[in-house]
Amino acid sequence: MPKHHRRTDISKTGSGWWQRLRHWREDRRLRRLDITAGQWQQALGNWGVYQRYTPAQQRRIHELALRLLLRKHLVPVNGAELDDILRLRIAGMAVVPVLELGLDWYDRWQTLILYEGPFVAEHSWEDEFGIVHHEVSERSGEAWERGPVVLSLEDVRHSGRGDGYNVVIHELAHTLDMRDASANGAPPLHPGMDARAWQQDMQDAWDDLAQRAELGQPLPVDEYALEDPAEFFAVLSETFFERPEPLREAWPKVYGHLAGFYRQDLLLGE
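In this report, we go over the structure that sits alongside the text. (Residues numbered from 1 in each chain as written. Predicted model: local features only at pLDDT ≥ 70, side-chain atom pairs only at ≥ 80, totals over all residues. Heavy atoms only, no water.)

## Points about the environment of Val149
Condition: Here a helix means four or more residues in a row that DSSP labels H or I, a strand means two or more in a row labelled E, and each is numbered from the N terminus. Categorising residues by exposure relies on relative accessible area from a 1.4 Å probe, with only protein chains included: less than 20% of the type maximum marks a residue as buried, more than 50% marks it as exposed, and the intermediate range marks it as partly exposed. In what follows, a contact means two residues having at least one pair of non-hydrogen atoms within 4.5 Å.
Its location among the elements puts Val149 in strand S6 (residues 149-152). Taking relative accessible area as the criterion, Val149 reaches 1% and is therefore assigned buried. Apart from residues lying up to four places away in sequence, Val149 is in contact with Trp109, Thr111, Leu112, Ile113, Glu142, Ala143, Glu171, Leu172 and Thr175.

Written out as C-alpha cells, the structure is:
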C-alpha cells in the first residue's frame, strides 16, 4: 500500500487574470450552446448518482460538463461513433468526482480516446532480475499521467447501472491519483487531512478485502481492487459514488477519507 503523501491544495491553482480570461471566453461559447433539459435527461436522467444531487447541483454538473467538453478532446477511433447524448453522458460522469474540486484537477490530460469495445494495450517492464516482459491485454480503460485517457464505449454504456461499476470515474480517479507523482493509491490530500490515518485505514481495508476474498465472503467493492494500490483507490472511488452505502458500512473510516478528499458526501443526513 502507498507509504507517502504530498499535501497540497490545488483547488485555487490557475487563479488570476488568465483564468478569468479563459472563463470569459468559455462563457461566450457556452451561451452559444443549445443543450435542452430533455437532452440532459436523456444523457444523465437514468443515472442513480446524478439522481442523488439536488437540482442546483445538477445544474452545476451541466455547466462543468460543458466546460470539460470545451477544454478536452473526445476522439472516437477505429469506427467508434459518438453522438451528442453520449458526449454529455461521458462528460457528466467525468465531472462528478471534481464537482467540488474544480476542472483544474484534470489539467494534466487533454485527450480522451474512445474505442467501441475493449482495446488492446501493450506494456513492457523489467523485473528485478533484468528480464524484460511484454504483455498484450484487452482493457476497458486506461489512463496516463499526461494523457491520454482511453475508454471503451461499450463499458461506458455499462457504467452507472447501480452495481458499483463506472469506467469513467475509475479511469479519471487514476488521473487524480497520478497528480502526486505516480499512480500509487495516494492522491495529493488537502490541507487538514491526516495522511497517516489515510494510509493506515486504507491498509486495514485492503487487508480486510483480501481476507474476505480468500474466505469467499461477499465483498463491499470489486475484487479487482486487490490488483494493486492504484486500482484499490480507483475501485474505491467508483464505488464511493455508485454504491456508497455498502462502502460506508464496511469501512466507515475509508468512506470518511474519500468524502474528505472529494469534498462530497452523498449520504449526508442518512
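## Examining the packing of aromatic side chains
Note the cut-off: The rule is short: rings of Phe, Tyr and Trp, with Trp giving its six-membered ring, pair when the centres are within 6.5 Å, and they are stacked under 30 degrees, edge-to-face over 60, tilted in between. Two limits define a charge over a ring: the Lys NZ or Arg CZ must be within 6 Å of the ring centre, and within 35 degrees of the ring normal.
Applying the stated criterion to the full structure yields twelve aromatic pairs. When the ring of Trp198 is compared with that of Phe261, the centres are 6.3 Å apart and the planes differ by 70°; the resulting orientation is edge-to-face. On the criterion of sequence distance, the pair formed by Trp198 in helix H8 (residues 195-215) and Phe261 in helix H11 (residues 252-262) is long-range, its members being 63 residues apart. The same class applies to Trp198 as to Phe261, namely buried. Geometrically, the ring pair formed by Phe233 and Phe261 is edge-to-face, given 6.0 Å between the ring centres and 75° between the ring planes. Placement of the pair is Phe233 in helix H9 (residues 229-242) and Phe261 in helix H11, with a sequence separation of 28 residues. The residues Phe233 and Phe261 share a single accessibility class, namely buried. One aromatic cluster is present, built from ring pairs that chain together Trp105, Trp198, Phe233, Phe240, Phe241, Tyr255, Phe261 and Tyr262. The ring of Trp105 carries Arg179 above its face, with NZ or CZ at 5.7 Å from the centroid.

## Focus: the side chain of Glu242
Let me state the cut-off plainly: Only four residue types enter the charge count: Lys and Arg as positive, Asp and Glu as negative, with His and the chain ends excluded. Any Lys or Arg side-chain nitrogen located within 4 Å of an Asp or Glu carboxyl oxygen qualifies as a salt bridge.
Looking at the element boundaries, Glu242 is found in helix H9. Despite being buried, Glu242 has no salt bridge partner; Arg89 is the closest side chain of opposite charge, sitting 7.1 Å away. Leave out the neighbours within four places in its chain, and Glu242 touches Trp47, Val49, Gly160, Gly162, Gly164, Tyr165 and Asn166.

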